[in-house]
Amino acid sequence: MTEADTLRRTALILVTVGLVWNLAEAAVAFWAGTRAASVVLLAFGADSIIELFAGGVLVWRLTREQGGHDDEDAESKARRLVGLTFFLLAGYVAVHSVASLVGWLPRPEPSLMGVGIAVASAVVMSVLYVAKMRIAARMQSRALRAEAVESLFCDLQDLAVLVGLGFNVLLSWWWADPVASLALIPFFIKEGLENFGGDHDDEEEHVGEVLRVCFCSICFFGIRACRCLVCRT
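Keep in mind it's a predicted model, so treat the numbers as computed, not measured. (Residues numbered from 1 in each chain as written. Predicted model: local features only at pLDDT ≥ 70, side-chain atom pairs only at ≥ 80, totals over all residues. Heavy atoms only, no water.)

Caption draft 1: Inspection of the overall build of the protein at higher detail. Check the secondary structure of the protein and you find 7 helices and 2 strands. When its helices and strands are written in sequence order, the protein yields α-α-α-α-α-α-α-β-β. Pairs at least 24 apart in sequence give 72% of the contacts found in the protein among residues at least 6 apart. In the structure as shown, the protein presents an accessible area of about 10900 Å², 69% of it carried by carbon and sulfur atoms. (Helix = DSSP H or I, 4+ residues; strand = E, 2+ residues; numbered from the N terminus. Contact = heavy atoms within 4.5 Å. Areas by Shrake-Rupley, 256 points an atom, 1.4 Å probe, with all protein chains shown as cover.)

Caption draft 2: Local environment of the packing of helix α1 (residues 3-36) against helix α4 (residues 112-139). Two numbers describe how α1 lies on α4: the axes approach to 10 Å, and their chain directions differ by 165°. Judged by the angle between their axes, α1 and α4 are roughly antiparallel. The hand of the α1/α4 crossing is left-handed. When the residues that make up the contact of α1 with α4 are grouped by side-chain class, the tally is 18 nonpolar, 5 polar and 5 charged. (Axes fitted to C-alpha atoms, helices over the stretch in contact; angles between N-to-C directions. Parallel < 35°, antiparallel > 145°, perpendicular 65-115°, else oblique. Left-handed = near helix turned anticlockwise from the far one by under 90°. Nonpolar A, V, L, I, M, F, W, Y, C, P; charged D, E, K, R; others polar.)

Caption draft 3: Structural view of the nonpolar core. Core analysis: the biggest nonpolar cluster contains 32 residues, and L58, V82, F86, Y129, I135, L144 and F188 have the highest contact counts within it. Within the residue set of this core, elements represented by two or more residues are α1, α2 (39-66), α3 (71-101), α4, α5 (142-171) and α7 (185-196). For L58, the contacting residues outside a window of four places in its chain are V15, V82, A143, L144 and E147. Core analysis: the second largest hydrophobic core is formed by 5 residues, A29, L41, F44 and I117 among them. (Core = buried A, V, L, I, M, F, W, Y, C linked by side-chain atoms within 4.5 Å. Buried < 20%, exposed > 50% of the residue type's maximum accessible area, 1.4 Å probe, protein only.)

Caption draft 4: Quick look at the environment of F30. Here F30 shows up in helix α1. Sequence-wise, F30 and G114 are 84 residues apart; in three dimensions their C-alpha atoms are separated by 9.6 Å. Once residues lying within four places of it in the same chain are set aside, the contact partners of F30 are L42, G45, A46 and I49.

Caption draft 5: Region of interest: the packing of aromatic side chains. All told, the structure shown has 2 aromatic pairs when counted by the stated rule. Here F167 and W173 contribute two aromatic rings whose centre-to-centre distance is 5.3 Å and whose plane-to-plane angle is 35°, an arrangement assigned as tilted. By relative accessible area, which is 31% here, F167 ends up partly exposed. Taking relative accessible area as the criterion, W173 reaches 35% and is therefore assigned partly exposed. Judged by centre distance (5.4 Å) and plane angle (20°), the ring pair of W173 and W175 falls under stacked. Taken together, the ring pairs in this structure connect F167, W173 and W175 into an aromatic cluster. (Phe/Tyr/Trp six-rings, centres within 6.5 Å; stacked < 30°, edge-to-face > 60°.)

Caption draft 6: Here's a closer look at α4. With 28 residues, α4 should cover 40 Å at 1.5 Å per step; its first-to-last C-alpha distance of 40 Å lies within 8% of that length. Q140 lies just past α4 and shows a positive phi near 55°. (Expected span 1.5 Å × (residues − 1).)

Here it is, written out as structure tokens:
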């Protein structure tokens, strides 16, 4: 087995673990949200479903590679599909947050089960992000990087939900949750545009520097694409 095969298999395992976690996370969030009549927890479950789609795109891409299909074609299609999920996520967050702020939806309510699943998600998804980004850097896979970053930003949104619920309990600031979610929309749109734009930036040169996938402090550990020529891993 070649190193490339080993990396693809490891990436496939990591993405599959994320899929299983998101499925369990969505089930718990929907159950807790229904019991607590919490729209915030129902939104939390919807986020997990979107992440399931992004992970499914990567499973498709990695299995195509193992089957000997054209890598560049699979990578391009995967990037566009993952980019689309960023736009869907941004639209969902915008509609849900605005509807909450103007009173069209019930105000967020606290839930111990919801707090527990949000904390657990923060830990699990952070670990998966680091592992996926290290593999993405070695494979130079934009699609795997996009899926990992989407998981990280969904994780940040989950933390924003947790903060919003906490402020609601302690200070009755029910609006803290939708406001925190709105603040994340520019990041979702940026990632969507970057990955939906196609292959024209795969070998992009910018002021003598090559756009790369890496996991270093210069690119804020994978949050933005690195243009440092010294990065090779």
